[in-house]
Structures are given as structure tokens and as C-alpha cells.
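Architecture and fold: a report
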Amino acid sequence: MTDLLKTKLSRRKILQAAALGAVGLDPALRAAVWAQGSDKPEKEEVKIGFIPLTDCASVVMASVLGIDKKYGVKIVPSKEASWAGVRDKMVNGDLDFAHVLYGLVYGVHLGIAGPKKDMAVLMTLNNNGQAISLSKKLADKGAVDGPSLAKMMASEKREYVFAQTFPTGTHAMWLNYWLAANGISPIQDVKSIVVPPPQMVANMRIGNMDGFCVGEPWNQRAIMDGIGVTAITTQDIWKDHPEKVLGTTAEFTKKYPNTCRAVTAAILEAGRWIDTGLQNKNKMAETIAEKSYVNTSVDAINQRILGRYINGMGKSWDDPNYMKFYNDGAVNFPYLSDGMWFMTQHKRWGLLKEHPDYLKVATEINRIDLYKQAATASKTPVPKDTMRTSKLMDGIVWDGKNPKAYADGFKVHA
């Protein structure tokens, strides 16, 4: 410490400032506080739950590449069996953080689809890269997309079963949105079941479902195994949609704010590393394909992360809106409007009985303050606005400005 700081700042003042977290302090005092180690992560080893999906990659690579050490933490990835299991372990403290469905975090905070607990979203982990698959049996009969599925359901009456991964989660909302946009009620016209992602393909193989919505690599795996086809990608439902997030409890953020910042910064840097180029993406695919992570073949992962798509019916294309983990920071900001969108759909489908205070709830959950500090540490650009505007597949624009009217404005609802 400089002589000037020694004379101007007593040890007591430095410690008081450290206790305040060095927020909004004079630069000289802040430098002194950092010298005392106030930004040191309070918990240096953290357990992060993940489900075997391609989009767990930035969490895994932050650990495998040792990026976490740079920020003073050790990330221990913990492979989990189901989203319900992830929810329960986050709520009871068995997991410090999780790679988790955006809508699951909101559901827990609001007390729907499980126990109620105040939650936090620290960052968005990825955009895009999920899909809706239809069984090969349906495709062989001519149901290959939304309109042809609606036509078949109108003429061939029976119970149609569709699987998603968690009632308040992203896949349930993409599936519902797509069905409804094609005039099919996900409440009245189909039976919706919950199946953990790694079990989707096996369940379709034995005829338990007509279709499913899940993250990769399980849609590609269904094609490779000859049992399913891709009807639509989720980026064609909503370009650059939010998907998984880094979730934790509000209690954890209060107790360990420095740890939250460090872990977020490490995962931001890992996402940037993945998105840097072909070599890194291939290395990521090889890593997460291993048994301890996704447990599948590398070729089930590495095509779609490069935007090379096939639909299982002879069509192939290069998709510019493939799964992205960073995209110059555009992926990761926890936009309030993203969190609010999931609540509008929870209300639309009857999971929420009343309109919540959309903006208030999103502001409570999405910890933009912690995110911005982690973004500074990892040199990640931050957008100016906490809202963003998107046009979804049915032409309806979502901008977060009037969530009640938006939620109530859909023709097909619960």
C-alpha cells in the first residue's frame, strides 16, 4: 500500500469498507480494500448441478479448462438425473448453483410446480439450440411439421402424447407455444408428460410419445437412431431465445456475493472460449460427450453446435442461429423481459392463477447488479437496456412493456 494510503486510511476504515463490500467507494479506499482481499470468494469450492445436455458446456469447460481458478474458485460439476432433482437440491442447499431451466427458477420463486423459495438468476448460459421432434411413425404418415400435425390430429382422432422436461420450464413453453401457433391446444388436445432429457430417446423408441421438446443432443440422437425427426428448432420459434441460466437461491447470493461474481465471471469466460471458433467447439464436444457429462457420441453434439442441421427426412441446412454461449456477451445478460416472458406463459397456461407484478418479480430474481460486476471482471460487454424486443414465430412482438395485455392476448390459452 502507498504511503499516502497508509496515512489517509486507518486499518479500521479499511475493514469497515470491506464489510460494506466496497460498493460505491472512493477509488483510493476501494484499492485499499481490494488489497485486504475483500473481493475474495467467501466459498472457494462450489457444486454446480447440471443435466446431460449440450448447453451445460460453459459450466463444464469453466471447470475443465481451469478458468474457475483464475477467479479464485473451484467449480465441481454435479451430474443430476432430472430437473425436479435439480430443483430440490438447489432449494435444500445440496447444490450451490445449477445449470437450470429459466422457467424452473421462476416457478420456484412463485411457488408453482414445487416448493416456494426466493431464487436468483445470475446469467443466461445460452441462446437457441433446442428442438421439437416428432416420432418417425408420425413422420411416415405425413406429420412432419406444425400444419401437417394439426391436419393429422383433426382427421385421425386419438390421444396424442407429447413430452417436455419440466412443467414451468423452457421446453414446456416452447412446445406449448408451437402447438398453439398451429391451432392445437396443449391443454385440451394433447396429453403432456414430463420426461428427463437423457430419457427422451429411449421413451420415444418404445412408443411412449408422439413427440417431444428437449435440448440437444437428444433431437439429433433421435435422428441418428432412426426414431425421430426434427419438426422445428426453437430458434425458429424465437430467434436468440433465452434458454438455460445459472441459478441459485436468493439466500446464497446474500451470503456469498463474491463467490457469485467469481463463478459468473468464470462461466462468462468459458462461454467466450467456446464461441471463439471451430477448434474450441470441437474440443468442447469431445469433452462433454464423455460419460461423466452427456454420455453420447461426439457426432451427436458437434454438428448442431456448428449450425449444421439435418431434419431426418432428407433436408439439411446451415442455421446461423445455432446454440450460442457468448456471442460477444449478447447471450448472457439476464434481461428482465426474458424472465417476464416466462411468467406471461405460466399465466397463459394456467400455472399462475393471477397476474404477478411482472417487473417487480423479474427485478427480484434477475441479479443484474451481480452480473454487471462479473461482466466487468471478465471484460464482457453489457447492453444499455434491461429489456429487449423479439418477434416470435406467430408474428407477435414481445418487448416486456405490457405483460398483462400480452399474456391475455393469445387466442389459444388454458
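Residues numbered from 1 in each chain as written. Predicted model: local features only at pLDDT ≥ 70, side-chain atom pairs only at ≥ 80, totals over all residues. Heavy atoms only, no water.

Helices and strands together make up the secondary structure of the chain, namely 20 helices and 14 strands. Relative to the compact-globule value of 22 Å for 414 residues, the chain shows a C-alpha radius of gyration of 22 Å, a close match. Summarising its shape, the C-alpha atoms of the chain cover approximately 85 × 45 × 35 Å along the three principal directions. The buried share of the chain, taken over its 414 residues, is 57%. Of all intrachain contacts in the chain linking residues separated by at least 6 positions in sequence, the fraction that spans at least 24 positions is 76%. A distance of 2 Å separates the average location of the 52 positive side-chain charges in the chain from that of its 42 negative side-chain charges. (Helix = DSSP H or I, 4+ residues; strand = E, 2+ residues; numbered from the N terminus. Rg over C-alpha atoms; globule rule 2.2 N^0.38 Å. Buried < 20%, exposed > 50% of the residue type's maximum accessible area, 1.4 Å probe, protein only. Contact = heavy atoms within 4.5 Å. Lys, Arg positive; Asp, Glu negative; His and termini not counted. Charge placed at Lys NZ, Arg CZ, Asp CG, Glu CD.)

Time to look at the sheet that holds strand β4 (residues 119-124). Each strand in a sheet pairs with its neighbour through backbone hydrogen bonds, running either in the same direction (parallel) or in the opposite one (antiparallel). Read across the open sheet, the 5 strands follow the order β2-β1-β3-β10-β4; overall the sheet is mixed. Every interior strand has two partners, whereas the edge strands, β2 (74-79) and β4, have only one. The average angle at which neighbouring strand axes cross in this sheet is 30 degrees, direction not considered. Bridging between strand β1 (residues 45-50) and β2 involves 6 bridges; their strand directions are parallel. Note on β2: the bridge partner recorded for G49 is S78. (Pairing = 2+ DSSP bridges. Axes fitted to C-alpha atoms, helices over the stretch in contact; angles between N-to-C directions.)

Below, the discussion takes up helix α14 (residues 257-275). Given a rise of 1.5 Å per residue, 19 residues ought to cover 27 Å, and the 27 Å separating the end C-alpha atoms of α14 matches this to within 8%. The buried fraction of α14 is high, at 16 of 19 residues. (Expected span 1.5 Å × (residues − 1).)

With respect to the helices, strands and loops of the structure, T386 is situated in the loop between α19 (368-377) and β13 (390-391). The class of T386 is partly exposed, set by a relative accessible area of 26%.

It is worth spelling out the packing of aromatic side chains at this point. Geometry of an aromatic ring pair is reported as the spacing of the ring centres plus the angle between the planes. Under the criterion given, the structure shown has 17 aromatic pairs. By way of ring pairs, the aromatic residues Y102, Y106, W174, Y177, W238, W341, F342, W398, Y406 and F410 are connected into one cluster. The ring of W317 is capped by K315, whose NZ or CZ atom sits 4.7 Å from the centre of that ring. Seen from the ring of F410, R348 lies directly overhead, with NZ or CZ sitting 3.8 Å from the centre. (Phe/Tyr/Trp six-rings, centres within 6.5 Å; stacked < 30°, edge-to-face > 60°. Lys NZ or Arg CZ within 6 Å of the ring centre and 35° of its normal.)

Another point: the nonpolar core. Nonpolar side chains in soluble globular proteins tend to end up buried together. Counting 121 residues, the largest nonpolar core has L149, W178, I267 and W341 as the members making the most contacts within it. If one sorts the elements of this core by residue count, α14 sits on top with 9 residues. (Core = buried A, V, L, I, M, F, W, Y, C linked by side-chain atoms within 4.5 Å.)

Along strand β6 (residues 161-164), one buried face is formed by V161 and A163 and the opposite face, lined by F162 and Q164, is buried too. Direction of pairing for β6 relative to strand β7 (residues 191-194): parallel, over a ladder of 4 bridges. Its bridge partner lying in β7, A163 is registered against I193. Once the chain exits β6 it traverses helix α10 (residues 170-181) before rejoining the sheet at β7, and the crossover so formed is right-handed. Examined bridge by bridge, β6 and strand β8 (residues 211-215) share 2 bridges and lie parallel to one another. The residue of β8 that forms the bridge with F162 is G211. (Right-handed = clockwise from strand over helix to strand, strands pointing away.)

With that settled, consider the pairing of strand β3 (residues 97-101). The buried fraction of β3 is high, at 5 of 5 residues. The sheet contact formed by β1 and β3 spans 2 bridges and is parallel. In the sheet register, G49 faces β3, and the bridge partner there is A98. Both β3 and strand β10 (residues 244-249) contribute to a ladder of 4 bridges, which runs antiparallel. Bridge assignment links V100 to a residue of β10, and that residue is V245.

This next bit is on the confidence of the model for the chain. In low-pLDDT segments, the atomic positions of the prediction should not be examined closely. Averaged over all residues, the pLDDT of the chain equals 92, while 91% of them reach at least 70. Summarising per-element confidence for the chain, the mean pLDDT is lowest in helix α1 (residues 3-8) (34) and highest in β4 (99). Here residues 1-36 scores under 50 on pLDDT; set against residues more than four positions off or in separate chains, the count is 32 contacts. (pLDDT = per-residue confidence, 0-100.)

Of all the residues in helix α9 (residues 146-155), the buried ones are G146, S148, L149, M152 and M153. Along α9, the residues classed as buried sweep out an arc of 165 degrees about the axis, all on the same side. Seen from the open side of α9, the exposed residues pointing more than 90 degrees away from its buried face are P147, K151, A154 and S155. (Arc of directions from axis to C-beta.)

Moving on, we come to the packing of helix α4 (residues 57-64) against helix α15 (residues 278-288). Closest axis-to-axis distance for the α4/α15 pair is 10 Å, and the angle between their directions is 90 degrees. With respect to α15, the axis of α4 lies roughly perpendicular. Contacts between α4 and α15 involve A57, V60, M61 and V64 from the former and M284, T287 and I288 from the latter. Looking at the contact of α4 with α15, its residues break down into 6 nonpolar, 1 polar and no charged. (Parallel < 35°, antiparallel > 145°, perpendicular 65-115°, else oblique. Nonpolar A, V, L, I, M, F, W, Y, C, P; charged D, E, K, R; others polar.)

Let us look at the side chain of T233. Within the element layout of this structure, T233 appears in strand β9 (residues 228-233). Not counting the four nearest positions on each side in its chain, T233 is found in contact with Q130, A131, Y309, W317 and D319.

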